[in-house]
Amino acid sequence: MVRMVTSPQRLPRLGAVSALLIGAALASLTGCGEQQRHDTTADAPASSQSPSSSSSSSPGASPYVEPGVVDGAPHNGDNNAYRRPGDMSPADEEAAQAEAARMEPVLKRLHKAKKWDPESVQAALTGKLGYEIRKVTSRGKLLGGELDVQPIRSRYEGETDEYVTPEGASIGLYVGRHACVTAFVQPTNYGVKTNGPFPETGCMEPPIGH
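Residues numbered from 1 in each chain as written. Predicted model: local features only at pLDDT ≥ 70, side-chain atom pairs only at ≥ 80, totals over all residues. Heavy atoms only, no water.

A. Main features of helix α4 (residues 90–112). The end-to-end C-alpha distance of α4 is 33 Å, a good match for the 33 Å that 23 residues give at a rise of 1.5 Å each. Where α4 bends most, at M103, the angle is about 25°, and the proline P105 comes one to four residues later. For α4, the complete set of buried residues consists of A96, E99, A100, M103, V106, L107 and L110. Where α4 terminates, the next one or two residues include K114, which has phi positive at roughly 60°. (Helix = DSSP H or I, 4+ residues; strand = E, 2+ residues; numbered from the N terminus. Expected span 1.5 Å × (residues − 1). Bend = angle between axes of the 7 residues up to and from the residue. Buried < 20%, exposed > 50% of the residue type's maximum accessible area, 1.4 Å probe, protein only.)

And the structure:
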């Protein structure tokens, strides 16, 4: 009979070898997990770029140039706000158009007769159409009337380097509180239009330039 005899010194060696193999395996698994996590983190920024960061890199329009301004003049809209008439309701616009239709034939006759001075225009509009001259106190309180007739405002002439006052009359007719007939008659032509009141001049056409 042959007996198997195991040396007491081999058991520790086998145990050490097993421990080393197990440790190596664990280390390999741990290393793979760490590598996977690192790769995922590294790829995240490339696959999820923020749209806002890409749009912010593109140049935008200058805040000092307003849309619709042909020459790009800064603050053109703000500087000309006084020439922007107010809004009219449909009823206001209809009433203003009715008055413009009454006024236009009178201005046509005045222009044909070469009577475009403010006095003649005022006499024709008050006499033929029954309008009353608008009266306002020095503090802006309305006393009555709806018609303004004034000389055409002076304008600057670059050729002569001076201001000149053209012949003719400017007309502003208040139709209620929120509508106007703005008109003029002068040697070259005449015109009638409807609009809301202007911020500073009411129903009178404001001058160009401020």
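B. Summary view of the packing of aromatic side chains. One pass over the full model with this rule turns up 0 aromatic pairs. The residue whose ring lies beneath R134 is Y174, and the NZ or CZ to ring-centre distance is 3.6 Å. (Phe/Tyr/Trp six-rings, centres within 6.5 Å; stacked < 30°, edge-to-face > 60°. Lys NZ or Arg CZ within 6 Å of the ring centre and 35° of its normal.)

C. Quick peek at the sheet that holds strand β8 (residues 190–195). Ordered in space as β3-β6-β7-β8, the 4 strands form an open sheet in which the pairing is antiparallel. Strands at the two margins of the open sheet, each flanked by one partner only, are β3 (147–151) and β8. Neighbour to neighbour, the strand axes of the sheet diverge by 15° on average, direction disregarded. Its contacts with the sheet put α4 on β6 (169–175), β7 (179–185) and β8, and the angle it makes with β7 is roughly 15°. With respect to the sheet, helix α5 (residues 118–129) is in contact with β3, β6 and β7, its orientation differing from that of β3 by roughly 165°. (Pairing = 2+ DSSP bridges. Axes fitted to C-alpha atoms, helices over the stretch in contact; angles between N-to-C directions. Contact = heavy atoms within 4.5 Å.)

D. Region of the structure containing the state of the cysteines. Per the counting criterion, the structure on display carries 1 disulfide. One disulfide in the model links C180 with C203; its S-S distance is 1.9 Å. Taking the torsion about the sulfur-sulfur bond, which here is approximately -70°, the covalent link between C180 and C203 counts as left-handed. One end of the pair, C180, is in strand β7; the other, C203, is in the segment after β8, with 23 residues separating them in the sequence. In terms of burial, C180 and C203 fall into one category: buried. (Disulfide = S-S within 2.5 Å.)

E. Just the pairing of β7, in detail. Taking burial as the measure, the 7 residues of β7 include 6 buried ones, the bulk of the element. Both β7 and β8 contribute to a ladder of 6 bridges, which runs antiparallel. Following the sheet pairing, V185 is matched in β8 by Y190. Hairpin connection of β7 to β8: 4 residues between the antiparallel strands.

F. The side chain of S170, seen in detail. Considering the arrangement of structural elements, one finds S170 in strand β6. Apart from the residues within four sequence positions on either side, S170 is in contact with D148, V149, Q150, P151, I152, A183, F184 and M204.

G. Structural view of the nonpolar core. Counting residues in hydrophobic clusters, the biggest one holds 22 residues, and the most contacted among them are M103, V121, L125, Y131, L147, I171 and L173. Elements with a contribution of two residues or more to this core: α4, α5, β3, β6 and β7. Of all the elements, α4 adds the most residues to this core, at 6 residues. The residues touching L173, leaving out its near neighbours within four places in the chain, are E99, M103, Y131, E146, L147, A179, C180, V181 and C203. (Core = buried A, V, L, I, M, F, W, Y, C linked by side-chain atoms within 4.5 Å.)

H. Representation of the pattern of salt bridges within the structure. Applying the stated rule across the entire model yields 2 salt bridges. R102 is the salt-bridge partner of E99, the closest N and O atoms lying 3.1 Å from each other. Placement of the pair is E99 and R102 together in helix α4, with a separation of 3 residues, close to one helical turn. On the basis of relative accessibility, which here comes to 36%, the residue R102 falls in the partly exposed class. (Salt bridge = Lys/Arg side-chain N within 4 Å of Asp/Glu carboxyl O.)

I. Main features of the pairing of β6. Most of β6 sits inside the fold, with 7 of its 7 residues counted as buried. Residue alternation in β6 divides its side chains into two sets, A169, I171, L173 and V175 and S170, G172 and Y174, and both sets are buried. With 5 bridges joining them, β3 and β6 adopt antiparallel strand pairing. Its bridge partner being in β6, V149 is matched across the sheet by I171. The pairing of β6 with β7 spans 7 bridges and is classified as antiparallel. Following the sheet pairing, A169 is matched in β7 by V185. In this antiparallel pair of consecutive strands, β6 and β7, the connection spans 3 residues, and G176 shows a positive phi of 70°.

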